[in-house]
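# Descriptive structure summary
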Amino acid sequence: MELKSFHRSSTFFFLLSVVILSPATVTSIGVNYGQIGDNLPSPEDVVPLVKSIGATKVKLYDANPQILKAFSGTGVEFIVGLGNEYLSKMKDPSKALAWIKQNVTPFLPATNITCITIGNEILALNDSSLTDSLLPAMQGVHSALVTAGLSDQIAVTTAHSLAILKTSFPPSAGEFSPEVIDYLKPILEFHRKTDSPFLINAYPFFAYKGSPKEIPLDFVLFQQNQGVVDPTTGFHYDNMLFAQIDAVYSALAAAGYKTLKVQISETGWPSKGDDDEFGATPENAKRYNGNLIKLMKNEKTKTPLRPNNDLIIYVFALFNENMKPGPTSERNYGLFKPDGTQAYSLGFTLNDVVKGGNSSSSSSGGGGKTPVLPMTPVATPDSASTGYLAISSAPGKRKGKEAVLSMVVIMLLARHLL
C-alpha cells in the first residue's frame, strides 16, 4: 500500500514538474527593422524594444554590423538582406563568398543569422535586368554558403509582392500571374531543392484603402465579423490576411509546389496617412498590429488551408522612418517612434523590459509611452540597403491586384452576408 502510494505521489510530482518546468510553446513573433531615418536609436537601445513586444525574429534589409553586434548573445533569429543593387554582383559565387565573409561570418555564432534575402519584390518591378539576375544571385549566394560550410544553417530566399498573383480570391482559386510564372517556377524549384521558405509581403491595408466603403473594416483588422466563405472549399475566413495567404498556398499548389513553406515577410498598418489614404489611423494600426501579435502569441496563425502550420509573420515595422519617400503612410508604419515610445497602444501590456508610464491613448490596455531607455540617435549607415524604400513598390500593380481581391470580397460579402 505504501509502495503504491509512493508511486502515485512520485508520478504526481513528476507530472507537476513537467507542467511547471517545461517551457510553453509560443509562436515566434517577427518584426522588420528598417533604418531609413536620421533620428533612429542606437542598435543597443533597440534590443529591449524588440524584446518588449515578444519578438524573437528580426528581418533586416541589409547586414548592418552594429545591429548584428548589438544582438549578439540574445538568441534572436536574424534575416539579413542584400538590396536590389547587389543582384548583378551576387551572380558571381566568389563575390558572394567575399560578401558573406565580410558581413555574415564575423558575427556567427554569437548572432543567430538564419536567412539571407536577395532583393525585394523584384518580379513586381517590371525591371528585366533585375528579374534576369534574381535567380542567378540566389544561386550564387547559396553556392557561397555551401563553400563556407553555412548552407545547413542559413537559407537563401527573396520576398515577393502579392501582386505576383493573377487571382487571389476565393483563396482556392489562387494563381500566379502568367507574366511572372516563367521566372517564378525556377525560383520555386530552387526553394524545393534548398528547403528554403517562400516569402510574401501582404498588406490588407491597400485593399481597404482602395475600397473603404465596400470592404468591412472589421474583416481586415482581425475584429469579430461574419467573414466570407470560399464557395469551392467551404472554408470560412474571418480576416483578409489569412485569405490572401491561402491564395498563395493555392497558387503554389497549382504551380506544382504544394509543399513549400510560406512566411509573411511583411505586413502592417500605418498610423498616419495622406487625406486619400483611408484607414491610416492610430486606432486602426493598433487593432491590426495588436490583434495580429495577439494571434501570434496565442498560436492562432493557422490558415484554413494549412490547419497544422502556424505562420511565421514579420510585422512591418519596428520604427517610423522619417526619410522614406512616398506618401505619408510610408513614414508611419512603425510600432515605435524613434525616441522609443510607442507610436500607439497595441492593446496589451508590453513585456517588463519596458518600464512604467501611462499611455496617452484613450484605448484600454497597452503599454506606456515613456521611453524605455535614453535613446541615442544614429545616422543611417552607408551600408544600409535602399531596396525597400517604398512598401508600395510598383504601386500600380499592387493596387490593381488588391483591387481584384477587394471586388471579389465585396461580391462574396453581398452574396453570403447581406
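Structure: above.
Every chain is numbered independently, its residues counted from 1 as its sequence is written. Note on the predicted model: pLDDT of at least 70 is required for a residue's local features to be given, and 80 or more for side-chain atom pairs to be given and counted; whole-chain, interface and lining totals, by contrast, use all residues. Here the side-chain values reflect all heavy atoms present in the structure, with hydrogen atoms and water set aside.

## Side note on the overall build of the chain
Stated formally: Secondary structure elements are defined from DSSP: runs of H or I of at least 4 residues count as helices, runs of E of at least 2 residues count as strands, and each element is numbered from the N terminus. Residue burial is assigned from relative accessible area. The probe radius is 1.4 Å, only protein chains are included, and a residue is buried under 20% of its type maximum, exposed over 50%, and partly exposed in between. Where accessible areas are quoted, they stem from the Shrake-Rupley method and a 1.4 Å probe; at the residue level, only the protein chains shown are allowed to cover.
The helix and strand inventory of the chain stands at 12 helices and 16 strands. Put simply, the chain has 418 residues, and 54% of those count as buried. Total accessible area on the chain is roughly 17,800 Å²; 54% of this is exposed by carbon and sulfur atoms.

## Examining the sheet that holds strand β1 (residues 29-32)
In plain terms, the rule: Two strands qualify as a pair provided that DSSP identifies no fewer than 2 bridges between them. Axes here mean lines fitted to C-alpha atoms, for a helix over just the part in contact, with angles spanning 0 to 180 degrees between N-to-C directions.
With parallel pairing, the eight strands of this closed barrel are ordered in space as β1-β3-β4-β5-β6-β9-β12-β15. For this sheet, the mean inter-axis angle between neighbouring strands, taken without regard to orientation, is 25°. Of the strand pairs in this sheet, strand β6 (residues 155-161) and strand β9 (residues 198-201) are connected by three bridges, and their pairing is parallel. Note on β9: the bridge partner recorded for Ser161 is Asn201.

## Describing the pattern of salt bridges
Let me state the cut-off plainly: What counts as a salt bridge is simple: a side-chain nitrogen of Lys or Arg found within 4 Å of a carboxyl oxygen of Asp or Glu.
Considering all chains together, one arrives at six salt bridges under this definition. A salt bridge links Arg192 to Glu189; the nearest nitrogen and oxygen atoms lie 2.4 Å apart. Of the two residues, Arg192 and Glu189 both sit in helix α7 (residues 178-194), three residues apart, roughly one turn of that helix. Here Asp310 makes a salt bridge to Lys302, at a shortest N to O gap of 2.9 Å. The class for Asp310 is partly exposed, based on a relative accessible area of 26%. Given a relative accessible area of 33%, Lys302 falls into the partly exposed group.

## Points about the packing of aromatic side chains
To describe a pair of aromatic rings, one takes the distance between the centres and the angle between the planes. Applied cut-off: To pair, rings of Phe, Tyr and Trp, with the six-membered ring standing in for Trp, must have centres within 6.5 Å; the planes then decide the type, stacked if under 30 degrees apart, edge-to-face if over 60, and tilted in the middle. Over a ring means this: the NZ of a Lys or the CZ of an Arg is within 6 Å of the ring centre and within 35 degrees of the ring normal.
One pass over the structure, following the stated rule, counts 13 aromatic pairs. Each residue in the set Tyr61, Tyr203, Phe205, Phe206, Tyr208, Phe222, Phe242, Trp269, Tyr288, Phe316 and Tyr333 is aromatic and connected to the rest through ring pairs, giving one cluster. A cation over an aromatic ring shows up here: Arg306 above the ring of Tyr249, its NZ or CZ 4.5 Å from the ring centre.

## Focus: helix α2 (residues 43-52)
Burial within α2 is extensive, with eight of its 10 residues counted as buried. Immediately downstream of α2, the backbone of Gly54 shows phi near 80°, a positive value.

## A closer look at the nonpolar core
For clarity, the cut-off: By nonpolar core we mean a set of buried residues, namely Ala, Val, Leu, Ile, Met, Phe, Trp, Tyr and Cys, connected to one another through side-chain atoms within 4.5 Å. Residue contacts follow a heavy-atom distance rule, with two residues in contact if any of their heavy atoms lie within 4.5 Å.
Core analysis: the biggest nonpolar cluster contains 111 residues, and Phe71, Ile116, Ile118, Val141, Phe176 and Phe198 have the highest contact counts within it. Element by element, the count of residues in this core is highest for helix α10 (residues 240-254), at 10 residues. In this structure, Ile116 is in contact with Val80, Leu82, Trp99, Val104, Val141, Leu145, Ile154, Ala155, Val156 and Thr157, ignoring residues within four places of it in sequence.

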